[in-house]
Amino acid sequence: MIKYQILENEHQIKCSKNHNQPIQMVLFDEQLSNADRLLCNECMNHFEGNVKIVGFQKVLSTIENDQKRKFESVEIQIMESKQILQVFGTKAQNLKTKILSQFDQLLGIVQQWQNQLDQVLRSTFTYSFFEELDNLIKNKESKFITHDNLIKNNQSFQQKMVSFIDQLMNQQLQNEVQDLKRAFKVIEKQESTKNYFSKEEHNPNIINQIQNFEIKLIDDSMLQPGYCRAISFNNSDQIMISTCNSEIRVFRFENSKIKELCKLEDHSLSVNVLIFSKFSNSFISGSADCSIRCWQQQEQNQWISSKPYIEHSKPIYCIILNQKENLLFSAGNDKIIMIWELSFIKNVLKYKAQLNMHQEEIYGLSLNDSETLLVSCGKDKRIIIWKKEGDDWIFNHIVNQSINEFGQRIKFLRDDLFLWVAANSGVSVFELQNGVFQENKDKEVELCLNVNADCYLFPILCNPNKNLIIIRHKCCIYIIKETLDHKFQIVRTIECLWNKSLGTITNDGQFLVFWDCAKFEKNESSNGRYYIYRLQDN
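Residues numbered from 1 in each chain as written. Predicted model: local features only at pLDDT ≥ 70, side-chain atom pairs only at ≥ 80, totals over all residues. Heavy atoms only, no water.

S.K.: Requested: an account of the overall build of the protein chain, with residues and values cited.
M.R.: Scanning the protein chain from N- to C-terminus turns up 6 helices and 31 strands. Expressed as a percentage of the 538 residues in the protein chain, the buried residues total 43%. Counting every atom, the protein chain has about 30,500 Å² of accessible surface; 49% of that belongs to carbon and sulfur. (Helix = DSSP H or I, 4+ residues; strand = E, 2+ residues; numbered from the N terminus. Buried < 20%, exposed > 50% of the residue type's maximum accessible area, 1.4 Å probe, protein only. Areas by Shrake-Rupley, 256 points an atom, 1.4 Å probe, with all protein chains shown as cover.)

S.K.: Help me get a handle on the pairing of strand β30 (residues 511–516), residues and values and all.
M.R.: Across the 6 residues that make up β30, a large majority, 6, are buried. Here β30 shows no split at all, with Phe511, Val513 and Trp515 on one side and Leu512, Phe514 and Asp516 on the other all buried. The pairing of strand β29 (residues 502–505) with β30 spans 4 bridges and is antiparallel. Residue leucine 502 lies in a different strand from β30, and its bridge partner there is tryptophan 515. The turn linking β29 back onto β30 is made up of 5 residues, and glycine 509 within it adopts a positive phi angle of 75 degrees. (Pairing = 2+ DSSP bridges.)

S.K.: Which residues make up the pattern of salt bridges, and what values do they have?
M.R.: According to the stated counting rule, one finds 12 salt bridges in the structure shown. Measuring nitrogen to oxygen at the nearest pair gives 3.8 Å for the salt bridge that ties arginine 414 to aspartate 416. Judged by relative accessible area, arginine 414 falls into the partly exposed class, the value being 25%. Here the residues in one salt-bridge network are Arg249, Glu260 and Lys263, joined through shared partners. (Salt bridge = Lys/Arg side-chain N within 4 Å of Asp/Glu carboxyl O.)

S.K.: I'd like to hear about the nonpolar core, residue by residue, with values.
M.R.: Ranked by size, the top nonpolar core spans 39 residues in total, and within it Ile470, Leu512 and Tyr530 carry the most contacts. Elements with a contribution of two residues or more to this core: β5 (231–233), β7 (247–254), β26 (468–473), β27 (476–482), β28 (488–495), β29, β30 and β31 (529–537). (Core = buried A, V, L, I, M, F, W, Y, C linked by side-chain atoms within 4.5 Å.)

S.K.: For the packing of aromatic side chains, give the residues involved together with the corresponding values.
M.R.: Summed over the entire model, instances satisfying the criterion amount to 25 aromatic pairs. Considering the side-chain rings of phenylalanine 283 and tryptophan 303, the 5.5 Å spacing of their centres and the 55 degrees angle between planes classify their relative orientation as tilted. Of this pair, phenylalanine 283 sits in strand β10 (residues 282–287) while tryptophan 303 sits in strand β12 (residues 302–305), and the two are 20 residues apart along the sequence. Grouping residues by exposure puts phenylalanine 283 and tryptophan 303 together as buried. Through pairs of rings, three or more aromatic residues link up here, namely Phe412, Phe418, Trp420, Phe430 and Phe437. (Phe/Tyr/Trp six-rings, centres within 6.5 Å; stacked < 30°, edge-to-face > 60°.)

S.K.: Just give me the short version of the sheet that holds strand β20 (residues 392–399), but keep the residues and values in it.
M.R.: One open sheet holds the 4 strands; their spatial order is β17-β18-β19-β20, and the pairing between them is antiparallel. Each edge of the open sheet is held by one strand with a lone partner, namely β17 (362–367) and β20. This sheet shows a mean twist of 25 degrees between the axes of neighbouring strands, independent of strand direction. By the bridge criterion, 7 bridges tie strand β19 (residues 383–389) to β20 in an arrangement that is antiparallel. Looking across to β20, one finds that isoleucine 385 is bridged to histidine 397. (Axes fitted to C-alpha atoms, helices over the stretch in contact; angles between N-to-C directions.)

S.K.: Mind laying out the environment of glutamine 408, listing which residues take part and the relevant values?
M.R.: Note that glutamine 408 resides in strand β21 (residues 407–414). Judged by its relative accessible area of 4%, glutamine 408 is buried. Residues glutamine 408 and cysteine 377 lie 31 residues apart in sequence; the distance between their C-alpha atoms is 6.8 Å. With residues up to four places along the chain from it excluded, the contact list for glutamine 408 reads Tyr363, Cys377, Val421, Ala423, Asp454, Cys455 and Tyr456. (Contact = heavy atoms within 4.5 Å.)

S.K.: Before we move on, could you go through the sheet that holds β12 and cite the residues and values that matter?
M.R.: Either a parallel or an antiparallel arrangement is found when strands of a sheet pair, and the pairing is made through backbone hydrogen bonds. Strand order in the open sheet made by the 4 strands is β9-β10-β11-β12, with antiparallel pairing throughout. This sheet does not close on itself; its edge strands, each paired only once, are β9 (271–276) and β12. The sheet shows a mean angle of 30 degrees between the axes of neighbouring strands, direction not considered. In this structure, strand β11 (residues 292–299) lies alongside β12, joined through 4 bridges in antiparallel fashion. Among the inter-strand pairings, glutamine 297 is bridged to a residue of β12, identified as tryptophan 303.

S.K.: Before we move on, can you summarise the UniProt feature "repeat: WD" (unreviewed entry) in the protein chain with the specific residues and values?
M.R.: UniProt records the feature "repeat: WD" (unreviewed entry) at residues 264–296, 309–343 and 355–387, using the numbering of this structure. Summarising residues 355–387: 0% helix, 55% strand, and an end-to-end C-alpha distance of 11 Å. (UniProt positions renumbered as here; feature names shortened; annotations may be inferred.)

S.K.: Could you give an account of unusual backbone geometry, naming the residues involved and the relevant values?
M.R.: For asparagine 347, which is not a glycine, the phi torsion comes out positive at approximately 60 degrees. Examined against the element boundaries, asparagine 347 turns out to sit in the loop between β15 (337–343) and β16 (348–355). Although it is not a glycine, glutamate 371 sits at a positive phi angle of roughly 60 degrees. When you line up the elements, glutamate 371 lands in the loop between β17 and β18 (373–378).

S.K.: Help me get a handle on a nonpolar patch on the surface, residues and values and all.
M.R.: There is a patch of nonpolar side chains on the surface, built from Phe129, Phe130, Leu133, Leu136 and Ile137 and spanning about 620 Å² of accessible area. Summarising the element assignment, leucine 133 is placed in helix α3 (residues 129–137). (Patch = residues over 30% accessible without salt bridge, like charges linked within 9 Å, V, L, I, M, F, W, Y side chains within 5 Å.)

Below, the structure written as structure tokens:
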């Protein structure tokens, strides 16, 4: 990184008399210039005049601070411009690659057509003497390609070429060109609206100001001594469910506060997972009693539980749904990923299949956006990619990770990128390259590490519309934004009292709710409570 530096060396900054002594004072006299304004001890012994005198070290410090302020302002603006240009360059390169690829495919069709014509030509010039003799004696016509068949063959290739040429100007390619134009507009806007030397931006916290993101504690009045392991909101963000040991608590979320409506007590051991439907007031619970239950609201404070579905032999740690909510994946302490068919309308599950590759307990599951890939991680230090083929899921590959640790949180952000959080390291970023996910060390997010152990509770939270990623690691909640160059930056942190605090965000991304406590013994904590934070971009 470029550093600001003074042009003159220490030997050039000396008094005009060349006494070769350290400069002590500076004369603030507009009539003087350069070395005439500098006084060493010898100069001061002979100095006479009524001019403002300032200590040299103070002047040097003032100049350095001013230069540092200017440098930081320019550096921030230049880094922003470089990030935007990098994004533009990447989009342009991707568009170039796609266009070239399409022309390569078009030329491939041309080559196939030529090969077909050559093959027809060769077959016309070759014949079997005995086959033709037999045809002659039996008065049968020889087999050869007819004019109509040749025309039909040519027409088939013509249609392929016309179709492919049309695709070169299809809406998808037009969208990518428009996306490239928008990226250039960002450059124009950034250049025209930013003043590199604006004093308004001379602030040591300029990076946080650029993020323009604020958090505010709204309420912490709701106490809960019992251990909370999961929180989830319904689609309207009006109902919140959470756990208190083996109980499920149902709350009304209104005016930034929660009010308990009822308790559900069907599980026999601690409830570890809750997932609300995005389409109805139904949810799924997974428990240490090895069971999964479907829940359906009958009336405001009445919820009906399905029978317990028990295929796991040990506690369940994680559950995810597909977007249609007709498929459920569950995993936990028994090292197995179970796949279920789900009907929220009927309030039932049906066991479908299981995936076996992990050697120890599984902590995290995530589907990519197109739901063609599933990623899992666990205590065995394995990150495993599973691929959908037809209606089945099969093993694809094990992802190499450089730190040789086990991970407790994992999340696809898009089809070709996922985040993984190890127990004692930062946030690792993995990107798809040539069909295999590879770690990108340049995008790794460093976290504040300490001696506390981490806990699998509190999965990675994302809200793409708000460009919001929330990760709790050990005793700190990190609020992260993705930058223009697709790296990740921590914009705010919240210190927790305990390394097993648990929380979630509302579907609209406006509120973060988590349960935390300072001390926990024998499944109770006298100071456990829910904290509600407002999240907003100013």
